[in-house]
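A closer look at the structure
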Amino acid sequence: MDGVLVVDKPAGPTSHDIVDRVRRALGTKRVGHTGTLDPFATGVLALCVGRATRLARFLTAGEKAYRASVRLGFATTTDDLTGDPLAPALAVDVSEAQLVEALAAFIGTFDQVPPAFSARQVGGRRLYELARRGEAVARAATPVTIHALELLARGSDGLELDVRCSSGTYVRALARDLGERLGTGAHLSALRRTRSGAFDLSQAVSGDDLSQASQRLVPLSGLLLDMPAVRVGDAGRRLISHGRELDAEAVLSGFPQVPVERVRLLDEQGELLALAVTRGFGPGESGLPRFPTLHPDVVLIG
């Protein structure tokens, strides 16, 4: 049983709890996630099953989309509703123009400081472990990208936002920083992930009912479709199974004419056999010709 199962995570359980549920439902230990959600958060949690676990690192980097609820008036220790207030609540007096200007300031790429309670590591230790022990440490900012930030609704002290962002972005930290910019303080009060890379809620099974999990797996052939496809026959399949490089004569179709980062190697029926990197493209030393090949670096067959 191989592929990706998209789960609509309910509020309450951790992402690891959902992994354990899927392991029991599918009767396999080979299940891993492509990016966690906090316990209070809901929505898309893409889990790799079987041989798809070898592809997890390629499935985590895609753009993420969220529906976020932000409460203005005070910040918290965790940057979300589970933390303690850092100060008494303030009256929220923010004009529409101020809000629009503040949201626009976060569009683009910038350095974001992760929450104190997060899984980022400092000196080999998780930030949340240090925070629970009361150890204050410097948190290094990392670059993130907000592709879109849309105001969907506004209440007296609450905002509903649609967020599209790069992998690695903390929406909790975005809420915190928005509150600082507005001068009111703020924290994330609810979060629902609607898309993670190529996976969205339309593909998801309920995390509370996994009875149809095996029927809803996205097969290996349906993954990483943004990578170019190269088809091989029986001879190419044998080379791949031994980790051998393929030249143009060893493939049936799709051999790249220029170097690309990575390709999918498929058999004649469309089964995904491996991922490969290109080698030997372009002129060699002193202008000598080179011989381009495809090197399978992630092999999914034995």
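Structural data are supplied above this passage.
One structure accompanies this document, and this report is about it. (Residues numbered from 1 in each chain as written. Predicted model: local features only at pLDDT ≥ 70, side-chain atom pairs only at ≥ 80, totals over all residues. Heavy atoms only, no water.)

Below, the discussion takes up unusual backbone geometry. With a phi close to 70°, Asp79 is a non-glycine residue in the positive phi region. Its place among the elements puts Asp79 in the loop between strand E4 (64-72) and helix H3 (96-104). Judged by relative accessible area, which is 5%, Asp79 ranks as buried. Unlike most non-glycine residues, Leu224 shows phi in positive territory, near 55°. Of note, Leu224 is situated in the loop between strand E12 (205-206) and strand E13 (229-231). According to the relative accessible area criterion, Leu224 is buried, its value standing at 10%. (Helix = DSSP H or I, 4+ residues; strand = E, 2+ residues; numbered from the N terminus. Buried < 20%, exposed > 50% of the residue type's maximum accessible area, 1.4 Å probe, protein only.)

Time to look at the sheet that holds strand E15 (residues 272-279). Read from one edge of the open sheet, four strands run E13-E14-E15-E16, paired in mixed fashion. Looking along the sheet, the strands with just one partner apiece sit at the ends: E13 and strand E16 (293-299). Shown here is a sheet whose adjacent strand axes are inclined to one another by a mean of 40°, direction ignored. Set on the sheet, helix H6 (residues 234-241) makes contact with strand E14 (263-266), E15 and E16; between it and E15 the angle comes to about 75°. (Pairing = 2+ DSSP bridges. Axes fitted to C-alpha atoms, helices over the stretch in contact; angles between N-to-C directions. Contact = heavy atoms within 4.5 Å.)

Glancing now at the nonpolar core. Of all hydrophobic cores here, the largest spans 28 residues; its most connected members are Val70, Leu149, Leu161, Val163, Leu178, Leu188 and Leu191. Of all elements in the fold, only E4, H3, strand E8 (142-154), strand E9 (158-165), helix H5 (171-182) and strand E10 (186-196) reach the threshold of two or more residues within this core. Sort the elements by how many residues they give to this core and H5 lands first, with five residues. If you look at the next biggest cluster of nonpolar residues, it comprises 22 residues, including Cys48, Ala56, Phe199 and Leu275. (Core = buried A, V, L, I, M, F, W, Y, C linked by side-chain atoms within 4.5 Å.)

Among all positions in H3, only Leu99, Ala102 and Leu103 are buried. Down the axis of H3, the buried set is contained in an arc of 95°. They therefore lie on one face. Opposite the buried face of H3, at more than 90 degrees from it, the exposed residues are Ala97 and Glu101. Packed against the buried residues of H3 are E8, E9 and H5. (Arc of directions from axis to C-beta.)

Take helix H1 (residues 15-26) next. End to end, H1 covers 17 Å across 12 residues, agreeing with the expected 16 Å (1.5 Å per residue, within 8%). Among all positions in H1, only Ser15, Ile18, Val19, Val22 and Leu26 are buried. All buried residues of H1 fall inside an arc of 105° around its axis, so they share one side. Among the structural elements, strand E1 (3-9), strand E2 (31-33) and strand E3 (42-49) are those in contact with the buried residues of H1. Downstream of H1 by one or two residues, Gly27 has phi in the positive range, about 65°. (Expected span 1.5 Å × (residues − 1).)

Attention shifts here to the environment of Lys29. Inspection of the secondary structure assignment puts Lys29 in the loop between H1 and E2. The spatial distance from the C-alpha of Lys29 to the C-alpha of Val49 is 8.6 Å, given a sequence separation of 20 residues.

On to the pattern of salt bridges. Applying the stated criterion across every chain yields a total of 17 salt bridges. Close ionic contact of Arg23 with Asp20 constitutes a salt bridge, the shortest N to O distance being 3.3 Å. Here the residue Arg23 and the residue Asp20 both occupy positions in helix H1, the gap between them amounting to three residues, near one helical turn. For Asp80, the salt bridge is made with Arg172, and the minimal N-O distance between the two is 3.8 Å. Residue Asp80 is located in the loop between E4 and H3, and its partner Arg172 is located in helix H5; the two are separated by 92 residues in the primary sequence. By relative accessible area, Asp80 is classed as buried at 3%. Residue class for Arg172 comes out buried when judged on its relative accessible area of 6%. Each member of the salt-bridge network shares a partner with another, and the members are Asp2, Arg51, Arg237, Asp267 and Glu271. (Salt bridge = Lys/Arg side-chain N within 4 Å of Asp/Glu carboxyl O.)

Just distances and angles here, no functional claims.
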